[in-house]
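Survey of secondary and tertiary structure
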Amino acid sequence: MLNENHALIFDFPELKQDIVHLNHKNESFREKSKQYHVLDYDIRQLEIDGSPTDDKHMNELKIKRANLKDVLYQQLKQHHEEVISAS
C-alpha cells in the first residue's frame, strides 16, 4: 500500500510501552529507531512524489527498512519478555 506509515507504534501497538521505554533508556535502540523512521519517511515521500527513483533503489530502501524493523522488533520482544518475567 502506497504512503502507508510504518511507524513502530502503528505496526506494534501491543509493544507501545516497550517502544517508549527503549527510546528513553536505550541509546542503541533510539538511534536505530530514528534511522528507521527517517527511512520510512523518505520512502513515503518518494511514493507521494510518484516514485522519482528507479525500482531497484526503491526496493533497496524497502529492504533496508525491513531489516531495521526486524532488528528493532527483536529488541522490543526481548525487552517485553524481560519485563514480563520480572513481574
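That block above? That's the structure.
In this report, the structure presented in the accompanying data block is examined. (Residues numbered from 1 in each chain as written. Predicted model: local features only at pLDDT ≥ 70, side-chain atom pairs only at ≥ 80, totals over all residues. Heavy atoms only, no water.)

Right, let's get into the packing of aromatic side chains. Applying the stated criterion across every chain, the model contains 1 aromatic pair. On the numbers, 4.9 Å between centres and 35° between planes, the contact of Phe12 with Tyr73 is tilted. With Phe12 in the loop between helix 1 (8-11) and helix 2 (16-25) and Tyr73 in helix 4 (residues 55-86), the pair connects residues that are 61 residues apart, well separated along the chain. Classification of Phe12 by relative accessible area gives buried; the value is 12%. With relative accessibility at 28%, the residue Tyr73 sits in the partly exposed group. (Phe/Tyr/Trp six-rings, centres within 6.5 Å; stacked < 30°, edge-to-face > 60°. Helix = DSSP H or I, 4+ residues; strand = E, 2+ residues; numbered from the N terminus. Buried < 20%, exposed > 50% of the residue type's maximum accessible area, 1.4 Å probe, protein only.)

Ranked by size, the top nonpolar core spans 15 residues in total, and within it Leu8, Phe29 and Leu76 carry the most contacts. At the level of elements, helix 2, helix 3 (27-48) and helix 4 are the ones that each hand at least two residues to this core. When near neighbours in sequence (up to four residues on either side) are disregarded, Leu8 contacts Ile19, Phe29, Ser33, Tyr36, His37, Lys69 and Leu72. (Core = buried A, V, L, I, M, F, W, Y, C linked by side-chain atoms within 4.5 Å. Contact = heavy atoms within 4.5 Å.)

What follows is about helix 3. Taking 1.5 Å of rise per residue, 22 residues should cover 32 Å, and helix 3 covers 31 Å from first to last C-alpha, within 8% of that figure. Those residues of helix 3 that fall on the buried side of the exposure criterion are Phe29, Ser33, Tyr36, Leu39, Asp40, Ile43, Arg44, Leu46 and Glu47. With its buried residues spanning 155° around the axis, helix 3 presents them on a single face. Turned more than 90 degrees off the buried face of helix 3, the exposed positions are Glu27 and Val38. Lining the buried residues of helix 3 we find helix 1, helix 2 and helix 4. At the N-terminal end of helix 3, a side-chain oxygen is found 3.1 Å from the backbone nitrogen of Ser28, two or three residues along, and the residue is Asn26. Looking one or two residues beyond helix 3, the residue adopting positive phi is Gly50, at roughly 80°. (Expected span 1.5 Å × (residues − 1). Arc of directions from axis to C-beta. Polar contact = N/O pair within 3.5 Å; in protein donor to acceptor, adjacent residues only side chain to side chain.)

Turning to the packing of helix 2 against helix 3, a few remarks are in order. Helix packing geometry: the angle between the two helix axes and the distance between the axes. Their axes nearest at 6 Å, the elements helix 2 and helix 3 cross at an angle of 110°. Judged on the interaxial angle alone, helix 3 and helix 2 are roughly perpendicular. Where helix 2 approaches helix 3, its residues Ile19, Leu22, Asn23, His24 and Lys25 are matched on the opposing element by Glu27, Phe29, Arg30 and Ser33. Among the residues making up the contact of helix 2 with helix 3, the classes are represented as 3 nonpolar, 3 polar and 3 charged. (Axes fitted to C-alpha atoms, helices over the stretch in contact; angles between N-to-C directions. Parallel < 35°, antiparallel > 145°, perpendicular 65-115°, else oblique. Nonpolar A, V, L, I, M, F, W, Y, C, P; charged D, E, K, R; others polar.)

This part takes up the pattern of salt bridges. This model, assessed by the stated rule, comprises 6 salt bridges. A salt bridge links Lys62 to Glu47; the nearest nitrogen and oxygen atoms lie 3.3 Å apart. Pair noted here: Lys62 is in helix 4 and Glu47 is in helix 3, with a separation of 15 residues, a long-range link. Overall, Lys62 belongs to the partly exposed group, its relative accessible area being 31%. By relative accessible area, which is 10% here, Glu47 ends up buried. Two residues, Glu60 and Lys56, come together in a salt bridge whose shortest N-O distance is 4.0 Å. Taken together, the positions of Glu60 and Lys56, both in helix 4 and 4 residues apart, correspond to about one turn of that helix. When its relative accessible area of 41% is taken as the criterion, Glu60 is described as partly exposed. (Salt bridge = Lys/Arg side-chain N within 4 Å of Asp/Glu carboxyl O.)

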